[in-house]
Amino acid sequence: MDKIELKVVGLSYSQTQTGAYALILKEKSGNRRLPIIIGGAEAQAIAIPLEKMTPSRPLTHDLFKSFLDSFDIVMHEVVIYNLVEGIFFAKIICSQGAKNLEIDARSSDAVAIALRCEKPIYTHDFILGSAGIIIDEEDEGAEDETSNFSMEEVSELDAGEADTLADLEKQLELALEREDYEKASKLRDELKKRKKK
């Protein structure tokens, strides 16, 4: 069965489930998107490497990467290999010396680890065919330029109360100190938006 490479486009708030997020994966050589509904903690784990943040202490996925490195286990790729009743199944393909390993994982965990290890993410055509969304080429550029979080959600973080870039930068530093990476990524998006103006 042929594999199709995906890349992470970003995260957005789920329009259908309160407190949930949609992880958006894009077909690397095509115009299909694969949205996967994930929880807030999972979204935070994926947002950290996407935003190139470094937590003050290693989080679970960082620990997993350190474990792989320490025991000379080489991660090769992630494959989202099945979809059953709306649940995606993934596996992490690794090797240790001559031994090949396939580790079962939730798709959100597998993606979070793939991003940290800078390894490719794949799926199969039947999954994109049943759960994928086709994006028109005109809409594609506009979608890729959007931030990961809506500005309405950023305002919930008191970013709207910050009058200056310096205020936002202080809030960002505080969020990083408290290890509130979800808030930090939203503040960073707001800073980027204001700096472009």
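Residues numbered from 1 in each chain as written. Predicted model: local features only at pLDDT ≥ 70, side-chain atom pairs only at ≥ 80, totals over all residues. Heavy atoms only, no water.

- As named in an unreviewed UniProt entry, the chain is Bifunctional nuclease family protein, taken from Cryomorpha ignava.

## Some remarks on the overall build of the chain
Part 1: Check the secondary structure of the chain and you find eight helices and eight strands.
Part 2: Per-residue burial over the chain gives 43% buried out of 197 residues.
Part 3: Accessible surface for the chain amounts to roughly 11200 Å². Of this, 49% is attributable to carbon and sulfur atoms. (Helix = DSSP H or I, 4+ residues; strand = E, 2+ residues; numbered from the N terminus. Buried < 20%, exposed > 50% of the residue type's maximum accessible area, 1.4 Å probe, protein only. Areas by Shrake-Rupley, 256 points an atom, 1.4 Å probe, with all protein chains shown as cover.)

## A closer look at unusual backbone geometry
In terms of backbone geometry, most residues other than glycine have negative phi values and most peptide bonds are trans.
Part 1: Although it is not a glycine, lysine 52 sits at a positive phi angle of roughly 60 degrees.
Part 2: Tracing the chain through its elements places lysine 52 in the loop between α1 (40-50) and α2 (60-70).
Part 3: Taking the relative accessible area as the measure of exposure, lysine 52 reaches 71% and is therefore exposed.
Part 4: In this model, glutamate 85 sits at a positive phi of 50 degrees, which is unusual for a non-glycine residue.
Part 5: Among the structural elements, glutamate 85 can be located in the loop between β4 (74-84) and β5 (87-96).
Part 6: Assessed through its relative accessible area of 80%, glutamate 85 is described here as exposed.

## Some words on the packing of α1 against helix α3 (residues 107-117)
Part 1: α3 packs onto α1 with a crossing angle of 15 degrees between their chain directions and a minimal axis gap of 9 Å. Here α3 runs roughly parallel to α1, going by the angle between their axes. The interaxial crossing formed by α1 with α3 has left-handed handedness. Contacts from Glu42, Ala45, Ile46, Ile48, Pro49 and Leu50 of α1 reach α3 at Ser108, Val111, Ala112, Leu115 and Arg116.
Part 2: Of the residues that constitute the contact of α1 with α3, the class distribution is eight nonpolar, one polar and two charged. (Axes fitted to C-alpha atoms, helices over the stretch in contact; angles between N-to-C directions. Parallel < 35°, antiparallel > 145°, perpendicular 65-115°, else oblique. Left-handed = near helix turned anticlockwise from the far one by under 90°. Contact = heavy atoms within 4.5 Å. Nonpolar A, V, L, I, M, F, W, Y, C, P; charged D, E, K, R; others polar.)

## Remarks on α3
Part 1: Most of α3 is tucked away: ten of the eleven residues are buried.
Part 2: Within the sequence span of α3, burial applies to Ser107, Ser108, Asp109, Ala110, Val111, Ala112, Ile113, Ala114, Arg116 and Cys117.

## Thoughts on the nonpolar core
Part 1: Ranked by size, the top nonpolar core spans 35 residues in total, and within it Leu23, Leu34, Met75 and Ile80 carry the most contacts.
Part 2: For this core, the secondary-structure elements that each account for two or more residues are β1 (3-13), β2 (21-27), β3 (32-38), α1, β4, β5, α3 and α4 (125-131).
Part 3: When residues of this core are assigned to their parent elements, the largest contribution, six residues, is made by α3.
Part 4: Core analysis: the second largest hydrophobic core is formed by five residues, Leu168, Leu172, Ala175 and Leu191 among them. (Core = buried A, V, L, I, M, F, W, Y, C linked by side-chain atoms within 4.5 Å.)

## Describing the packing of aromatic side chains
Part 1: One pass over the full model with this rule turns up two aromatic pairs.
Part 2: Geometrically, the ring pair formed by phenylalanine 67 and phenylalanine 71 is tilted, given 4.8 Å between the ring centres and 40 degrees between the ring planes.
Part 3: Looking at phenylalanine 67, the relative accessible area reads 46%, which means it is partly exposed.
Part 4: The lysine or arginine in question, lysine 3, covers the ring of tyrosine 122, its NZ or CZ lying 4.6 Å from the ring centre.
Part 5: Of note, lysine 91 hangs over the ring of tyrosine 81, and the distance from its end group to the ring centre comes to 5.0 Å. (Phe/Tyr/Trp six-rings, centres within 6.5 Å; stacked < 30°, edge-to-face > 60°. Lys NZ or Arg CZ within 6 Å of the ring centre and 35° of its normal.)

## Focus on the side chain of threonine 123
Part 1: Within the secondary structure, threonine 123 is located in strand β7 (residues 121-124).
Part 2: A distance of 2.9 Å separates a polar atom in the side chain of threonine 123 from the backbone oxygen of isoleucine 80. (Polar contact = N/O pair within 3.5 Å; in protein donor to acceptor, adjacent residues only side chain to side chain.)

## Concerning the environment of glutamate 5
Part 1: Mapped onto the elements, glutamate 5 comes out in strand β1.
Part 2: Its relative accessible area of 26% is what places glutamate 5 among the partly exposed residues.
Part 3: For glutamate 5 and threonine 123, which are 118 residues apart along the polypeptide, the C-alpha to C-alpha distance reads 6.6 Å.
Part 4: Non-local contacts of glutamate 5, meaning those with residues more than four positions away in its chain, are made with Lys26, Glu27, Lys28, Pro120, Ile121 and Tyr122.

## Some thoughts on the pairing of strand β6 (residues 99-106)
Part 1: The pairing of β5 with β6 spans eight bridges and is antiparallel. Considered in β6, the bridge of lysine 91 is made with aspartate 104.
Part 2: In this antiparallel pair of consecutive strands, β5 and β6, the connection spans two residues, and glycine 97 shows a positive phi of 65 degrees. (Pairing = 2+ DSSP bridges.)

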